[in-house]
Amino acid sequence: QVQLVESGGGSVQAGGSLRLSCAASGRISSNLDLGWFRQAPGKEREFVAAIRWNGGSIVYAASVKGRFTISRDNTKNTMYLQMNSLKPEDTAVYYCAADPSGTYYYSLMRQYDYWGQGTQVTVSS
């Protein structure tokens, strides 16, 4: 089992920045791929970004590319999402997720076995 805990959410004005963290604990395998998803009110959960277990591959959704940066520090078992130039449409609950399969189907929620509880990000105009 892997436990994931997000932190760093909050309320900011449009154009502002936030940095989310996702701390992993438990049985962490060496090939654990990680991802960020978000769910806005009344909408389905959607893919935001993913990073391979060794950081060798990083993928972003088109809506956040160029504004968000995903990274990880395996020595601290922590993943980050730096969010810049935030827009009101970025308002959502942000979830981190872990995929131990090694297949890296990064945008498919069903690939991720472990999920955090989510952290709220609110961007006002």
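Refer to the preceding data block for the structure.
Below, the structure is looked at part by part. (Residues numbered from 1 in each chain as written. Predicted model: local features only at pLDDT ≥ 70, side-chain atom pairs only at ≥ 80, totals over all residues. Heavy atoms only, no water.)

## Section: the overall build of the protein chain
Each helix and strand in the protein chain was counted, giving zero helices and 11 strands. A globule of 125 residues ought to have a C-alpha radius of gyration of about 14 Å, and the protein chain, at 13 Å, matches this closely. Based on the C-alpha atoms only, the size of the protein chain along its principal axes is roughly 40 × 25 × 25 Å. Of all 125 residues assigned to the protein chain, the portion counted as buried reaches 42%. Within the protein chain, counting contacts between residues at least 6 apart in sequence, those at least 24 apart form 58% of the total. With the model as given, the accessible surface of the protein chain reaches about 6,400 Å², and the carbon-plus-sulfur share is 47%. Charge separation in the protein chain, taken as the distance between the mean sites of 12 positive and 9 negative side-chain charges, equals 3 Å. (Helix = DSSP H or I, 4+ residues; strand = E, 2+ residues; numbered from the N terminus. Rg over C-alpha atoms; globule rule 2.2 N^0.38 Å. Buried < 20%, exposed > 50% of the residue type's maximum accessible area, 1.4 Å probe, protein only. Contact = heavy atoms within 4.5 Å. Areas by Shrake-Rupley, 256 points an atom, 1.4 Å probe, with all protein chains shown as cover. Lys, Arg positive; Asp, Glu negative; His and termini not counted. Charge placed at Lys NZ, Arg CZ, Asp CG, Glu CD.)

## Structural notes on the pairing of strand β11 (residues 119–124)
Alternating residues of β11 divide into Thr119, Val121 and Val123, all buried, and Gln120, Thr122 and Ser124, none buried. Both strand β2 (residues 10–13) and β11 contribute to a ladder of four bridges, which runs parallel. Paired with Val12 across the two strands is Val123, which belongs to β11. Sheet topology places strand β9 (residues 92–99) next to β11; three bridges connect them, and they run antiparallel. Note on β11: the bridge partner recorded for Val93 is Gln120. (Pairing = 2+ DSSP bridges.)

## Some points on the sheet that holds strand β1 (residues 2–7)
Taken together, four strands build an open sheet; the order of strands is β1-β3-β8-β7 and the sheet is antiparallel. At either end of the open sheet lies a strand with only one pairing partner, and these are β1 and β7 (68–73). Strand-to-strand twist of the sheet, defined as the mean angle between neighbouring strand axes without regard to direction, takes the value 15°. Bridge count for strand β3 (residues 18–26) against strand β8 (residues 78–83) is six bridges, and the pairing is antiparallel. Its bridge partner being in β8, Cys22 is matched across the sheet by Met79. (Axes fitted to C-alpha atoms, helices over the stretch in contact; angles between N-to-C directions.)

## Some words on the environment of Pro100
Locating Pro100 in the fold gives a position in the loop between β9 and β10 (114–115). For Pro100, a relative accessible area of 25% corresponds to the partly exposed category. Spatially, the C-alpha atoms of Pro100 and Val5 are 17 Å apart, while their sequence positions differ by 95 residues.

## What about the side chain of Thr78?
Tracing the backbone shows Thr78 in strand β8. By relative accessible area, Thr78 is classed as buried at 12%. In terms of polar contacts, Thr78 uses its side chain to reach the backbone carbonyl oxygen of Lys76, at 2.8 Å. Ignoring any residue separated from it by four or fewer positions in sequence, one finds Thr78 in contact with Ser21, Cys22, Ala23, Arg72 and Asp73. (Polar contact = N/O pair within 3.5 Å; in protein donor to acceptor, adjacent residues only side chain to side chain.)

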